[in-house]
Amino acid sequence: MPAPRTVLLTGAAGGLGTLMRGLLPAYGYELRLFDVAPVEGAPDAVTADLCDKDALREAVRGVDAIIHLAGISLESSFDKILRANIEGTYNLYEAARQEGVRRVVFASSNHAIGYTPRPMPGDPLIPIGTARRPDTFYGLSKSFGEDLAQFYWDKHGVETVSVRIGSCFAEPTSVRMLSVWMSPGDGARLFHAALTAQDVRHTVVYGSSANTRLWWDLTTARALGYEPRDDSEQYADKLVAEHGELDPENPDHAHIGGHFVTDPPIWPY
Ligand code: NAI
Ligand code: 15L
(Lines give C-alpha, C1' and ligand atoms only; values in the text may rest on other atoms or scores of the structure.)
(Ligands and ions follow the chains in the order given, each with its own letter.)
Protein backbone atom coordinates (compact mmCIF):
# COMPACT_ATOMS: atom_id res chain seq x y z
CA MET A 1 0.00 0.00 0.00
CA PRO A 2 1.50 3.39 -0.93
CA ALA A 3 1.90 5.69 2.06
CA PRO A 4 -1.45 7.43 2.55
CA ARG A 5 -1.21 11.17 2.26
CA THR A 6 -4.66 12.51 3.07
CA VAL A 7 -6.01 11.07 6.29
CA LEU A 8 -9.37 11.71 7.90
CA LEU A 9 -8.90 12.14 11.64
CA THR A 10 -12.19 11.65 13.50
CA GLY A 11 -12.32 12.81 17.10
CA ALA A 12 -9.93 15.61 16.17
CA ALA A 13 -11.15 17.90 18.97
CA GLY A 14 -10.45 15.33 21.70
CA GLY A 15 -7.35 14.74 23.80
CA LEU A 16 -5.71 12.18 21.53
CA GLY A 17 -6.94 13.93 18.40
CA THR A 18 -5.34 17.16 19.55
CA LEU A 19 -2.03 15.38 20.24
CA MET A 20 -2.11 13.67 16.84
CA ARG A 21 -3.05 16.88 15.02
CA GLY A 22 0.19 18.25 16.35
CA LEU A 23 2.39 15.23 15.58
CA LEU A 24 1.18 13.52 12.42
CA PRO A 25 1.78 16.32 9.89
CA ALA A 26 5.54 15.84 10.45
CA TYR A 27 5.12 12.38 8.85
CA GLY A 28 3.84 14.05 5.70
CA TYR A 29 0.12 13.63 6.23
CA GLU A 30 -2.47 16.12 5.23
CA LEU A 31 -5.19 15.76 7.85
CA ARG A 32 -8.88 16.28 7.28
CA LEU A 33 -10.51 16.83 10.68
CA PHE A 34 -13.91 15.60 11.89
CA ASP A 35 -15.60 15.97 15.27
CA VAL A 36 -19.01 16.79 16.69
CA ALA A 37 -17.27 19.52 18.70
CA PRO A 38 -15.53 22.43 17.00
CA VAL A 39 -11.80 21.89 16.56
CA GLU A 40 -9.94 24.84 18.01
CA GLY A 41 -7.85 26.70 15.48
CA ALA A 42 -9.13 24.62 12.56
CA PRO A 43 -11.91 26.46 10.73
CA ASP A 44 -11.92 23.86 7.93
CA ALA A 45 -12.70 20.96 10.26
CA VAL A 46 -15.96 19.15 9.61
CA THR A 47 -18.24 19.65 12.60
CA ALA A 48 -20.69 16.77 12.48
CA ASP A 49 -21.95 13.78 14.42
CA LEU A 50 -21.05 10.20 13.53
CA CYS A 51 -24.82 9.66 13.12
CA ASP A 52 -24.87 12.05 10.20
CA LYS A 53 -24.28 9.59 7.38
CA ASP A 54 -24.25 12.20 4.62
CA ALA A 55 -21.67 14.34 6.41
CA LEU A 56 -19.54 11.27 7.09
CA ARG A 57 -19.67 10.14 3.51
CA GLU A 58 -18.61 13.56 2.31
CA ALA A 59 -15.84 13.67 4.90
CA VAL A 60 -14.30 10.37 3.83
CA ARG A 61 -14.59 11.09 0.10
CA GLY A 62 -11.14 11.23 -1.48
CA VAL A 63 -9.07 10.41 1.61
CA ASP A 64 -6.44 7.67 1.50
CA ALA A 65 -7.07 6.39 5.02
CA ILE A 66 -8.97 7.10 8.23
CA ILE A 67 -7.84 7.28 11.84
CA HIS A 68 -11.05 6.73 13.80
CA LEU A 69 -10.81 8.25 17.26
CA ALA A 70 -14.28 9.79 17.61
CA GLY A 71 -16.67 8.42 20.17
CA ILE A 72 -17.33 8.22 23.87
CA SER A 73 -13.99 7.48 25.52
CA LEU A 74 -15.15 6.40 28.99
CA GLU A 75 -18.01 4.40 30.45
CA SER A 76 -21.45 5.82 29.78
CA SER A 77 -25.05 4.65 29.50
CA PHE A 78 -25.71 1.87 27.03
CA ASP A 79 -27.87 4.16 24.87
CA LYS A 80 -25.12 6.74 24.48
CA ILE A 81 -22.47 4.11 23.77
CA LEU A 82 -24.79 2.44 21.28
CA ARG A 83 -25.29 5.65 19.33
CA ALA A 84 -21.77 7.07 19.29
CA ASN A 85 -19.50 4.03 19.41
CA ILE A 86 -21.49 1.16 17.93
CA GLU A 87 -23.74 2.82 15.35
CA GLY A 88 -21.19 5.60 14.82
CA THR A 89 -18.38 3.17 14.03
CA TYR A 90 -20.68 1.21 11.72
CA ASN A 91 -21.58 4.47 9.92
CA LEU A 92 -17.88 5.24 9.55
CA TYR A 93 -17.11 1.84 7.99
CA GLU A 94 -20.09 2.08 5.67
CA ALA A 95 -18.92 5.49 4.49
CA ALA A 96 -15.42 4.07 3.96
CA ARG A 97 -16.76 1.12 1.97
CA GLN A 98 -19.01 3.29 -0.16
CA GLU A 99 -16.24 5.77 -0.93
CA GLY A 100 -13.55 3.13 -1.56
CA VAL A 101 -11.30 3.98 1.41
CA ARG A 102 -9.13 0.91 1.95
CA ARG A 103 -7.41 1.51 5.30
CA VAL A 104 -8.76 2.37 8.75
CA VAL A 105 -6.87 2.71 12.02
CA PHE A 106 -9.38 2.06 14.78
CA ALA A 107 -8.88 3.34 18.31
CA SER A 108 -9.76 0.25 20.31
CA SER A 109 -8.91 0.13 23.99
CA ASN A 110 -7.37 -1.96 26.72
CA HIS A 111 -10.91 -2.04 28.15
CA ALA A 112 -11.83 -4.64 25.51
CA ILE A 113 -9.77 -7.00 27.69
CA GLY A 114 -10.32 -5.10 30.95
CA TYR A 115 -11.34 -8.10 33.07
CA THR A 116 -8.12 -9.93 32.24
CA PRO A 117 -6.04 -10.26 35.41
CA ARG A 118 -2.95 -8.14 35.17
CA PRO A 119 0.28 -10.12 35.00
CA MET A 120 2.30 -10.24 38.18
CA PRO A 121 6.07 -9.73 37.95
CA GLY A 122 7.56 -12.78 36.22
CA ASP A 123 4.28 -13.78 34.50
CA PRO A 124 4.22 -13.92 30.69
CA LEU A 125 3.02 -10.85 28.82
CA ILE A 126 -0.63 -10.92 27.72
CA PRO A 127 -0.79 -12.13 24.12
CA ILE A 128 -2.82 -10.30 21.51
CA GLY A 129 -4.94 -13.43 21.07
CA THR A 130 -6.16 -13.45 24.66
CA ALA A 131 -9.94 -13.78 24.91
CA ARG A 132 -11.67 -10.42 25.08
CA ARG A 133 -13.20 -9.62 28.47
CA PRO A 134 -14.74 -6.13 28.23
CA ASP A 135 -15.07 -4.34 31.56
CA THR A 136 -17.79 -1.82 30.61
CA PHE A 137 -20.30 -1.01 27.87
CA TYR A 138 -17.47 1.18 26.62
CA GLY A 139 -15.15 -1.85 26.44
CA LEU A 140 -17.93 -3.84 24.77
CA SER A 141 -18.20 -1.18 22.07
CA LYS A 142 -14.46 -1.55 21.40
CA SER A 143 -14.92 -5.32 21.13
CA PHE A 144 -17.70 -4.65 18.64
CA GLY A 145 -15.44 -2.28 16.72
CA GLU A 146 -12.74 -4.94 16.43
CA ASP A 147 -15.31 -7.46 15.13
CA LEU A 148 -16.71 -4.88 12.75
CA ALA A 149 -13.20 -4.27 11.43
CA GLN A 150 -12.67 -8.01 10.87
CA PHE A 151 -16.05 -8.21 9.10
CA TYR A 152 -15.29 -5.26 6.81
CA TRP A 153 -12.00 -6.91 5.86
CA ASP A 154 -13.53 -10.33 5.23
CA LYS A 155 -16.63 -9.07 3.46
CA HIS A 156 -15.51 -5.86 1.78
CA GLY A 157 -11.70 -5.75 1.71
CA VAL A 158 -11.43 -2.69 3.95
CA GLU A 159 -8.22 -3.13 5.98
CA THR A 160 -7.94 -2.09 9.62
CA VAL A 161 -5.35 -1.92 12.33
CA SER A 162 -7.21 -2.02 15.65
CA VAL A 163 -5.02 -0.40 18.29
CA ARG A 164 -5.89 -1.43 21.86
CA ILE A 165 -4.59 1.79 23.34
CA GLY A 166 -3.43 1.72 26.94
CA SER A 167 -3.31 5.33 28.19
CA CYS A 168 -2.10 7.99 25.77
CA PHE A 169 -1.54 11.24 27.61
CA ALA A 170 1.40 13.62 27.86
CA GLU A 171 2.65 11.84 30.98
CA PRO A 172 1.57 8.85 33.08
CA THR A 173 -0.36 9.98 36.15
CA SER A 174 -0.88 6.71 38.04
CA VAL A 175 1.14 3.62 38.91
CA ARG A 176 -1.10 1.54 36.61
CA MET A 177 -0.15 3.85 33.76
CA LEU A 178 3.49 2.88 34.25
CA SER A 179 2.42 -0.38 32.60
CA VAL A 180 -0.06 0.84 29.98
CA TRP A 181 1.19 4.31 29.01
CA MET A 182 1.77 5.23 25.39
CA SER A 183 3.67 8.47 24.98
CA PRO A 184 2.20 10.83 22.38
CA GLY A 185 5.37 10.44 20.30
CA ASP A 186 5.04 6.65 20.33
CA GLY A 187 1.33 7.05 19.54
CA ALA A 188 2.22 8.97 16.39
CA ARG A 189 4.88 6.35 15.51
CA LEU A 190 2.34 3.57 15.94
CA PHE A 191 -0.38 5.31 13.92
CA HIS A 192 2.15 6.00 11.15
CA ALA A 193 3.17 2.33 11.12
CA ALA A 194 -0.50 1.31 11.05
CA LEU A 195 -1.16 3.62 8.10
CA THR A 196 1.80 2.47 6.02
CA ALA A 197 2.41 -1.25 6.73
CA GLN A 198 1.61 -3.56 3.84
CA ASP A 199 -1.23 -6.09 3.83
CA VAL A 200 -2.49 -5.62 7.35
CA ARG A 201 -5.89 -7.20 6.57
CA HIS A 202 -7.27 -6.89 10.12
CA THR A 203 -4.45 -6.69 12.62
CA VAL A 204 -4.96 -6.12 16.33
CA VAL A 205 -2.14 -4.54 18.30
CA TYR A 206 -1.60 -3.19 21.79
CA GLY A 207 -0.76 0.49 21.89
CA SER A 208 1.86 1.46 24.42
CA SER A 209 5.42 2.56 24.82
CA ALA A 210 8.27 0.13 25.58
CA ASN A 211 7.53 0.34 29.28
CA THR A 212 9.71 -1.55 31.73
CA ARG A 213 6.49 -2.61 33.52
CA LEU A 214 4.63 -3.51 30.31
CA TRP A 215 1.70 -5.94 30.71
CA TRP A 216 1.17 -7.01 27.11
CA ASP A 217 2.98 -8.25 24.07
CA LEU A 218 3.90 -5.65 21.43
CA THR A 219 4.90 -8.24 18.80
CA THR A 220 2.04 -7.49 16.39
CA ALA A 221 2.66 -3.75 16.72
CA ARG A 222 6.38 -4.18 16.05
CA ALA A 223 5.53 -6.36 13.02
CA LEU A 224 3.92 -3.27 11.46
CA GLY A 225 7.26 -1.48 11.76
CA TYR A 226 6.48 0.23 15.08
CA GLU A 227 9.56 0.96 17.12
CA PRO A 228 8.62 2.55 20.43
CA ARG A 229 11.18 4.94 21.86
CA ASP A 230 9.73 5.82 25.24
CA ASP A 231 9.52 4.08 28.61
CA SER A 232 7.32 5.28 31.47
CA GLU A 233 9.94 4.16 34.00
CA GLN A 234 11.37 7.68 34.16
CA TYR A 235 8.15 8.65 36.03
CA ALA A 236 8.18 5.63 38.37
CA ASP A 237 9.99 7.07 41.38
CA LYS A 238 7.69 10.05 41.57
CA LEU A 239 4.45 8.08 41.03
CA VAL A 240 5.35 5.26 43.41
CA ALA A 241 6.38 7.78 46.07
CA GLU A 242 2.99 9.48 45.69
CA HIS A 243 0.70 6.44 45.39
CA GLY A 244 2.67 3.33 46.44
CA GLU A 245 3.10 0.20 44.36
CA LEU A 246 0.02 -1.61 42.97
CA ASP A 247 -1.64 -3.70 45.67
CA PRO A 248 -2.68 -7.19 44.49
CA GLU A 249 -5.40 -7.20 47.19
CA ASN A 250 -7.00 -4.06 45.79
CA PRO A 251 -9.58 -5.00 43.12
CA ASP A 252 -8.87 -1.73 41.29
CA HIS A 253 -5.29 -2.92 40.83
CA ALA A 254 -6.00 -6.54 39.93
CA HIS A 255 -7.12 -6.26 36.33
CA ILE A 256 -5.95 -4.68 33.10
CA GLY A 257 -8.90 -2.29 33.15
CA GLY A 258 -8.10 -0.82 36.57
CA HIS A 259 -11.03 1.00 38.16
CA PHE A 260 -13.21 0.49 35.06
CA VAL A 261 -13.68 -3.05 36.40
CA THR A 262 -15.01 -1.94 39.77
CA ASP A 263 -16.80 1.32 38.93
CA PRO A 264 -20.57 1.02 39.39
CA PRO A 265 -22.55 0.81 36.15
CA ILE A 266 -24.07 3.98 34.75
CA TRP A 267 -27.87 3.83 34.83
CA PRO A 268 -30.16 3.61 33.03
CA TYR A 269 -28.80 0.80 30.90
P1 NAI B 1 -11.82 12.26 23.98
O2 NAI B 1 -13.09 11.99 24.72
O3 NAI B 1 -10.93 13.32 24.48
O4 NAI B 1 -12.15 12.57 22.46
C5 NAI B 1 -13.19 11.94 21.75
C6 NAI B 1 -13.68 12.90 20.70
O7 NAI B 1 -14.75 12.27 19.98
C8 NAI B 1 -14.25 14.20 21.30
O9 NAI B 1 -13.65 15.33 20.72
C10 NAI B 1 -15.73 14.14 20.98
O11 NAI B 1 -16.32 15.42 20.69
C12 NAI B 1 -15.75 13.24 19.76
N13 NAI B 1 -17.04 12.55 19.63
C14 NAI B 1 -17.71 11.89 20.60
N15 NAI B 1 -18.87 11.43 20.11
C16 NAI B 1 -18.91 11.80 18.81
C17 NAI B 1 -19.88 11.65 17.79
N18 NAI B 1 -21.03 11.00 18.01
N19 NAI B 1 -19.62 12.17 16.58
C20 NAI B 1 -18.46 12.84 16.35
N21 NAI B 1 -17.51 13.04 17.28
C22 NAI B 1 -17.75 12.52 18.51
O23 NAI B 1 -11.06 10.86 23.90
P24 NAI B 1 -9.51 10.60 23.60
O25 NAI B 1 -8.82 10.36 24.86
O26 NAI B 1 -9.03 11.62 22.66
O27 NAI B 1 -9.61 9.19 22.85
C28 NAI B 1 -9.76 9.11 21.45
C29 NAI B 1 -10.16 7.70 21.08
O30 NAI B 1 -9.17 6.79 21.53
C31 NAI B 1 -11.47 7.25 21.70
O32 NAI B 1 -12.14 6.41 20.76
C33 NAI B 1 -11.03 6.42 22.89
O34 NAI B 1 -12.00 5.44 23.21
C35 NAI B 1 -9.75 5.82 22.37
N36 NAI B 1 -8.83 5.52 23.46
C37 NAI B 1 -8.14 6.53 24.07
C38 NAI B 1 -7.26 6.26 25.08
C39 NAI B 1 -6.43 7.34 25.70
O40 NAI B 1 -5.59 7.00 26.51
N41 NAI B 1 -6.61 8.60 25.34
C42 NAI B 1 -7.08 4.89 25.57
C43 NAI B 1 -7.84 3.89 24.86
C44 NAI B 1 -8.67 4.22 23.83
C1 15L C 1 -9.41 4.40 27.77
O2 15L C 1 -9.92 3.63 26.97
C3 15L C 1 -9.88 5.79 27.91
O4 15L C 1 -10.35 6.32 26.70
C5 15L C 1 -8.82 6.72 28.49
O6 15L C 1 -9.44 7.93 28.88
C7 15L C 1 -8.13 6.06 29.69
O8 15L C 1 -9.07 5.87 30.71
C9 15L C 1 -7.55 4.73 29.27
O10 15L C 1 -8.50 3.91 28.64
C11 15L C 1 -6.96 3.96 30.45
O12 15L C 1 -7.27 2.78 30.60
O13 15L C 1 -6.17 4.53 31.19
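Reference entry: report on the structure contained in this document. In this text, all values refer to a predicted model and were calculated from it rather than measured experimentally.

**Concerning the sheet that holds strand 4 (residues 65-68)**
Pairing between sheet strands relies on hydrogen bonds along the backbone, with the strands arranged either parallel or antiparallel.
Right, on to step 1. The strand order across the open sheet built from 7 strands is 3-2-1-4-5-6-7, with neighbouring strands paired in parallel fashion. Two strands close off the open sheet at either side, each with one partner strand: strand 3 (46-47) and strand 7 (202-207).
Right, on to step 2. Relative to strand 7, strand 6 (residues 159-165) is paired through 6 bridges, and the arrangement is parallel. Pairing of Ile165 across the sheet is with Gly207, part of strand 7.
Right, on to step 3. Most of the contacts of helix 2 (residues 53-60) go to strand 2 (residues 30-35), to which it runs at about 175°, and overall it touches strand 1 (6-10), strand 2, strand 3 and strand 4.

**A closer look at the packing of aromatic side chains**
Right, on to step 1. For the structure shown, the criterion picks out 6 aromatic pairs.
Right, on to step 2. An angle of 65° between the planes, with centres 5.3 Å apart, marks the rings of Phe78 and Phe137 as edge-to-face. Taken together, the residues span a long stretch of sequence, with Phe78 in helix 3 (residues 78-99) and Phe137 in helix 4 (residues 137-156) at a distance of 59 residues.
Right, on to step 3. Phe78 sits in the partly exposed class, given a relative accessible area of 29%.
Right, on to step 4. A relative accessible area of 16% means that Phe137 is categorised as buried.
Right, on to step 5. Seen in terms of ring centroids, Tyr138 and Phe260 are 6.2 Å apart; in terms of plane orientation they differ by 50°. Their pairing is tilted. Separated by 122 residues along the polypeptide, Tyr138 in helix 4 and Phe260 in the segment after helix 8 (236-243) bring together distant segments of the chain.
Right, on to step 6. Residue Tyr138 is classed as buried on the basis of its relative accessible area, which comes to 7%.
Right, on to step 7. On the basis of relative accessibility, which here comes to 12%, the residue Phe260 falls in the buried class.

**Details of the site of ligand 2**
Right, on to step 1. In the region of ligand 2, the neighbouring residues are Ser73, Leu74, Ser109, Asn110, His111, Tyr138, Gly166, Ser167, Phe169, Arg176 and Phe260.
Right, on to step 2. Separating an oxygen atom of ligand 2 from a side-chain N or O atom of Ser109 is a distance of 2.8 Å.
Right, on to step 3. Here an oxygen atom of ligand 2 sits 2.8 Å away from a polar atom, N or O, in the side chain of Arg176.
Right, on to step 4. Within the complex, 82% of the 320 Å² of free accessible area of ligand 2 lies under protein.
Right, on to step 5. Its residues placed into classes, the shell around ligand 2 shows 4 nonpolar, 6 polar and 1 charged.

**Regarding the site of ligand 1**
Right, on to step 1. Neighbouring ligand 1 are 26 residues, the closest being Leu16, Asp35, Ser73, Tyr138 and Cys168.
Right, on to step 2. Gly15 places a main-chain nitrogen or oxygen 2.9 Å from an oxygen atom of ligand 1.
Right, on to step 3. The separation between a nitrogen atom of ligand 1 and a polar main-chain atom of Val36 is 3.2 Å.
Right, on to step 4. Those elements that provide at least two residues to the shell around ligand 1 are helix 1 (15-23), strand 5 (103-109) and helix 4.

Rules of the game
Residues numbered from 1 in each chain as written. Chains lettered and ligands numbered in written order. Predicted model: local features only at pLDDT ≥ 70, side-chain atom pairs only at ≥ 80, totals over all residues. Heavy atoms only, no water. Pairing = 2+ DSSP bridges. Helix = DSSP H or I, 4+ residues; strand = E, 2+ residues; numbered from the N terminus. Contact = heavy atoms within 4.5 Å. Axes fitted to C-alpha atoms, helices over the stretch in contact; angles between N-to-C directions. Phe/Tyr/Trp six-rings, centres within 6.5 Å; stacked < 30°, edge-to-face > 60°. Buried < 20%, exposed > 50% of the residue type's maximum accessible area, 1.4 Å probe, protein only. Near = heavy atom within 4 Å. Polar contact = N/O pair within 3.5 Å; in protein donor to acceptor, adjacent residues only side chain to side chain. Areas by Shrake-Rupley, 256 points an atom, 1.4 Å probe, with all protein chains shown as cover. Nonpolar A, V, L, I, M, F, W, Y, C, P; charged D, E, K, R; others polar.

Nothing here speaks to function; it is geometry throughout.
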